[in-house]
Protein chains: 2
Amino acid sequence: MESNIDNVRAQMRKGMLEYCILCILAKREAYASAIIDELKAANLIVVEGTLYPLLIRQKNQGLLTYRWEESTQGPPRKYYCITDKGREQLGDMDTAWQEMETAINTLRG
Amino acid sequence: MESNIDNVRAQMRKGMLEYCILCILAKREAYASAIIDELKAANLIVVEGTLYPLLIRQKNQGLLTYRWEESTQGPPRKYYCITDKGREQLGDMDTAWQEMETAINTLRG
DNA sequence: TTTAGTACCTTGTATTGCATAGTATTAAAA
DNA sequence: TTTTAATACTATGCAATACAAGGTACTAAA
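Visitor: What am I meant to see in the protein's contact with DNA strand D here?
Guide: Taken together, 27 residues lie near DNA strand D, and Tyr31(A), Arg77(A), Lys78(A), Arg13(B) and Thr50(B) sit nearest. Among the atoms of DNA strand D lying within 4 Å of the protein, the sugar-phosphate backbone contributes 71%. One of the side-chain nitrogen or oxygen atoms of Arg77(A) is found 3.0 Å away from a phosphate oxygen of DNA strand D. Note that a phosphate oxygen of DNA strand D is positioned 3.2 Å from one of the backbone N or O atoms of Gly15(B). Secondary-structure elements contributing two or more residues to the surface near DNA strand D are α3 (32–41), α4 (48–60) and β2 (77–82) of chain A together with α2 (17–27) and α4 (48–60) of chain B. Tallying contributions element by element places α4(A) first for the surface near DNA strand D, with four residues. Split into classes, the residues belonging to the surface near DNA strand D amount to 11 nonpolar, nine polar and seven charged.

Encoded structure:
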């Protein structure tokens, strides 16, 4: 049986990963593995099979673009960067996040 | 077409309502309509069809109990109150929430 | 006795998030 | 030359949420 808190975390995380991706790419462009590393550094464990569909979806929504860059350590890397539309969406997400923080503080206080 | 921020809010909210219910009931027992009112006061709009199944599930998980109380303004009310197990779960959820806050601050900072 | 207000509950469904598992490509290392 | 490590990508499907819509039942007032 799965521990309860794991499920709680999983549920809370839903809808947050897209926000996290935009947060990362708002600071600098990055390729998938680097994004995964940064998420891991923030204690959010994400695997490739989770991240790629998200990146593709955000790219298709016009929130991201990408460019190829050669690497001496394997195949070319796909560097994603945020678009103007992506920054706009990120602003909306900041707002939503702050509202959620406010709501929790109101209820918990 | 639905506005983007509404969708963002909806996604972020997923998984948060159970936490919010426990937050409310940790302060005082309440019946469904009162819970909806308090959620609304925190800018979280929830309808009955959403709340009732959640309350029933949390009751079945042993997180809540309830007692009936007569009302002079209509049918009896079902007052829910949080159990010890519910407070334990609430503690886990507080932890998960704080971890999420930390993660976002790390990524956004 | 009908109507309005309050309260509780159920069912079905759209959405969709994301995990699992597997494939393909490149270059360096053995 | 073969293996390994790093990277990119796809397909499939489970699990879970929250909402919409509809139903039941009790009380009091018109």
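Visitor: Help me understand helix α5 (residues 84–108) of chain B, please; the structure alone is not making it clear to me.
Guide: Each full turn of the α-helix corresponds to 3.6 residues, which orients residues three or four apart in the same direction. The terminal C-alpha atoms of α5(B) lie 36 Å apart, and with 25 residues this matches the ideal 36 Å at 1.5 Å per residue to within 8%. Within α5(B) the residues assigned to the buried category are Gly86(B), Gln89(B), Leu90(B), Met93(B), Asp94(B), Ala96(B), Trp97(B), Met100(B), Glu101(B), Ala103(B), Ile104(B) and Leu107(B). Tucked into the core, α5(B) has its buried residues touching α1 (4–13), α2 (17–27), α3 and α5 (84–108) of chain A together with α2 and β2 (77–82) of chain B.

Visitor: What should I look at first to understand the packing of aromatic side chains in this one?
Guide: Note on aromatic pairs: each is described by the distance of the centres and the angle between the planes. Within the structure shown, the criterion is met by nine aromatic pairs over all chains. On the numbers, 6.3 Å between centres and 85° between planes, the contact of Tyr66(A) with Trp68(A) is edge-to-face. For Tyr66(A), a relative accessible area of 34% puts it in the partly exposed group. The class of Trp68(A) is exposed, set by a relative accessible area of 55%. Through a chain of ring-to-ring contacts, three or more aromatic side chains come together here, namely Tyr19(A), Trp97(A), Tyr19(B) and Trp97(B). Its end group placed over the ring of Tyr66(A), Lys78(A) keeps NZ or CZ at 4.1 Å from the ring centre.

Visitor: Explain the relation of the copies chain B and chain A to me, please; I cannot follow it from the model alone.
Guide: One copy of the chain maps onto the second through a rotation around an axis plus a translation along that axis. For the pair chain B and chain A, the superposition axis carries a translation of 0.1 Å, the fit reaches an RMSD of 0.2 Å, and the rotation angle comes to 180°. Read as a symmetry element, the transformation amounts to a two-fold axis. Residue Lys14(B), judged by its C-alpha, is the member of chain B lying nearest the rotation axis, at 3.3 Å. A shared interface surface links the copies, since 100% of the contact residues of chain B are contact residues in chain A too.

Visitor: Is there a simple way to explain the nonpolar core in this structure?
Guide: By size, the foremost hydrophobic cluster in this structure holds 70 residues, and its most contacted members are Tyr19(A) and Tyr19(B). Setting aside chain neighbours within four positions, we find Tyr19(B) in contact with Met12(A), Ile104(A), Arg108(A), Leu90(B), Met93(B), Asp94(B) and Trp97(B).

Calculation notes
- Residues numbered from 1 in each chain as written.
- Chains lettered and ligands numbered in written order.
- Predicted model: local features only at pLDDT ≥ 70, side-chain atom pairs only at ≥ 80, totals over all residues.
- Heavy atoms only, no water.
- Near = heavy atom within 4 Å.
- Polar contact = N/O pair within 3.5 Å; in protein donor to acceptor, adjacent residues only side chain to side chain.
- Helix = DSSP H or I, 4+ residues; strand = E, 2+ residues; numbered from the N terminus.
- Nonpolar A, V, L, I, M, F, W, Y, C, P; charged D, E, K, R; others polar.
- Expected span 1.5 Å × (residues − 1).
- Buried < 20%, exposed > 50% of the residue type's maximum accessible area, 1.4 Å probe, protein only.
- Contact = heavy atoms within 4.5 Å.
- Phe/Tyr/Trp six-rings, centres within 6.5 Å; stacked < 30°, edge-to-face > 60°.
- Lys NZ or Arg CZ within 6 Å of the ring centre and 35° of its normal.
- Least-squares fit on C-alpha atoms with pLDDT ≥ 70 in both.
- Core = buried A, V, L, I, M, F, W, Y, C linked by side-chain atoms within 4.5 Å.

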